Amino acid sequence: MKIDQIYTGCLAQGAYYIESKGEVAIIDPLRETDVYIKRAAEQNAKIKYIFETHFHADFVSGHVDLAEKTGAEIVYGPGAKTSYDIHEAKDDEIFELGDIKIKVLHTPGHTPESSCYLLIDENGKEHSLFSGDTLFIGDVGRPDLAIKSDLTQEDLAGMLYDSLRNKVMTLPDDVIVYPAHGAGSACGKNMSKETHDLLGNQKKVNYALRADMTKDEFIKEVTTGILPPPQYFAKNAMLNKTGVESLDTILEKGKVALSVEDFEAYANHEGALVLDTRKPEDFAKGHIPNSIFIGIDGSFAPWVGALIPDLQQPIIFIADEGREEEVVIRLSRVGYDNTLGYLEGGFKAWNNAKKETDTVTSISADEFAKAYEQSEINIMDVRKPTEYDAEHVENAENIPLDYVSERMNEVDKNKKYHIHCAGGYRSMIMASILKSRGFHKLIDVAGGFNAIAETNVPKTAYVCPSTLK
């Protein structure tokens, strides 16, 4: 028996490759299918099943494409209805895979169709639980993502309580929990950076599995402090119900080299959004006017999903040489399939063509400290509210990047703002968005709050985030 966790840091997502006696099951695959097909081919094995734990909201799954390429059967839990062929499993249904068995545990709560998959090894022992978004390491799934449902988040939280108590917590303590997500995902509130754990340990340390917790207490705990889901979540969940084009088609259309002239024409006459995926410091030194920065080396796909409202938005992009295909793939992971091409030669080609450019003023934390000491300055902290509430620069205003569109009216074009996040990634995104909308009196603080904290700039008293509601 072989179990491989294929973890994707950008999405904080875990897909799983399970193999026994030449038969393979894939759980929660990403959009790009080659990694699973190649792995099976290397082992001279055949993909038999594709198990989906639920309709994912934070990424577009590759299940339909993978099934078409391999002939594998797509399995969802009870209640899942799709526009393509699936096997809608019954609760407790068992699937044979070589010498092992995979048992379906219907665990509604995160969504109505959510299910966990229990692996029973060749000796009949309950070995591991692929828990999807039902149970994370240190947390449980948020109960507010059911699409087109008349159930409230309180209804779903109550269902999740029952699922955990009746289906999950009754399993042996030595069962290994393999969740669909880890720290950084918006599918829960406070997930651990660990990507698997023993169920027995989770019973001890996971707040949601406390033995003496009542249902009412559980509902209050899991529904308190949930930030609104990113706008793309419901759209991605619907795509996973209806199916999408093969990634091969998306790559063929999106991985196209565009000359400076064609690139400019797309931007000026076709309504294409210009996306700059380079490093923050490179964008600051020089970029195409009105382009939006979202760097490929950060949480690229989630921020694209949070900040670009239209999945059909035509996109052209600037990338470091050799990373063009990666950009198209990572856009497609969250359903942005209308990529039209990239600037051949990158920003250097634009500059060499003597086209108009723009910059973002960026200063060090020490320079920021001097400016703070010398005069009253406007400080925009673009971190999440929980980060801001835990500790922030005195007199800083919190306008989270997540809500830039809704809070734009609070920004004054006549004022100069010093912008910072935690490390410099989000603040450059915010600066690019503000500049594209006519705000130009902006100064980015390189290194963000992490660097500022090392200076003598006055800060509020630290409050542990786990105590904040």
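Every value quoted in this text rests on a predicted model; they were computed, and no experiment measured them.

## A word on the environment of Val445
Within the secondary structure, Val445 is located in strand β22 (residues 442-445). Placed 220 residues apart in sequence, Val445 and Gly225 show a C-alpha to C-alpha distance of 29 Å.

## Here's the deal with the pattern of salt bridges
When the charged atoms of two side chains lie near each other, side chains of opposite charge can form a pair. Counted according to the given criterion, the structure contains 27 salt bridges. Between Lys215 and Asp162 there is a salt bridge whose closest N-O contact spans 3.0 Å. One end of the pair, Lys215, is in helix α5 (residues 215-223); the other, Asp162, is in helix α3 (residues 153-168), and 53 residues separate them in sequence. Residue Lys279 pairs with Asp320 through a salt bridge whose shortest N-O separation is 3.9 Å. With Lys279 in the loop between β14 (273-276) and α9 (280-285) and Asp320 in the loop between β16 (315-318) and α11 (324-332), the pair connects residues that are 41 residues apart, well separated along the chain. Each of Asp297, Arg323, Glu326 and Arg330 takes part in a single network of salt bridges with overlapping partners.

## A short note on unusual backbone geometry
At Ala12, a residue that is not glycine, the phi angle is positive and equals roughly 50 degrees. Structurally, the position occupied by Ala12 is in the loop between β1 (2-8) and β2 (13-20). Unusually for a residue other than glycine, Lys354 sits at a positive phi of about 65 degrees. Looking at the element boundaries, Lys354 is found in the loop between α12 (346-352) and β18 (361-363). Here Lys354 falls in the exposed class, since its relative accessible area comes to 74%.

## Brief notes about the sheet that holds β14
Strand order in the open sheet formed by five strands is β13-β17-β16-β14-β15, with parallel pairing between adjacent strands. The sheet is open, and its two edges are formed by β13 (257-258) and β15 (292-293), each paired on a single side. Here two bridges tie β14 to β15, and the two strands are oriented parallel to one another. Counterpart to Asp276 in the pairing with β15 is Phe293. Along the sheet face, α11 touches β14, β16 and β17 (339-343) and points at about 140 degrees away from the line of β16.

## Some thoughts on the side chain of Glu391
Here Glu391 shows up in the loop between α14 (385-390) and β20 (397-398). Here Glu391 occupies a buried position and makes no salt bridge, while the nearest side chain of opposite charge, Lys459, is found at 5.6 Å. The contacts of Glu391, once residues within four sequence positions are left out, are Arg383, Phe449, Lys459, Thr460 and Tyr462.

## Some details on the pairing of strand β19 (residues 378-381)
As defined by bridge partners, β19 adjoins strand β21 (residues 417-420) across four bridges and the pair is classed as parallel. If you follow Asp381 over to β21, its bridge partner there is His420. When β19 meets β20, the two strands line up parallel, connected through two bridges. Across the sheet, the residue bridging to Asp381 is Asn398, located in β20. In terms of handedness, the path from β19 via α14 over to β20 forms a crossover that is right-handed.

So, how was this worked out
Counting restarts for each chain: residues are numbered from 1 in the order of the written sequence. Note on the predicted model: pLDDT of at least 70 is required for a residue's local features to be given, and 80 or more for side-chain atom pairs to be given and counted; whole-chain, interface and lining totals, by contrast, use all residues. The basis for every side-chain value is the complete set of non-hydrogen atoms in the structure, without hydrogens or water. Numbering goes from the N terminus for both helices and strands, where a helix is a DSSP run of H or I of at least four residues and a strand is a run of E of at least two. In the sections that follow, a salt bridge refers to a side-chain nitrogen of Lys or Arg positioned within 4 Å of a carboxyl oxygen of Asp or Glu. Type-normalised accessible area, obtained with a 1.4 Å probe on protein chains alone, sets the label of each residue: buried when under 20%, exposed when over 50%, and partly exposed for intermediate values. We call two strands paired when DSSP finds no fewer than two bridges between them. Note on contacts: a residue pair qualifies if any of its non-hydrogen atoms lie within 4.5 Å across the two residues. Structural elements are reduced to axes, namely lines fitted to C-alpha atoms, with helices fitted over the stretch in contact, and the angle between N-to-C directions of any two is expressed from 0 to 180 degrees. Counted as positive: Lys and Arg. Counted as negative: Asp and Glu, with His and the chain ends omitted from the count. With strands facing away from the observer, any crossover in which the path from the first strand over the helix to the second runs clockwise is taken as right-handed.

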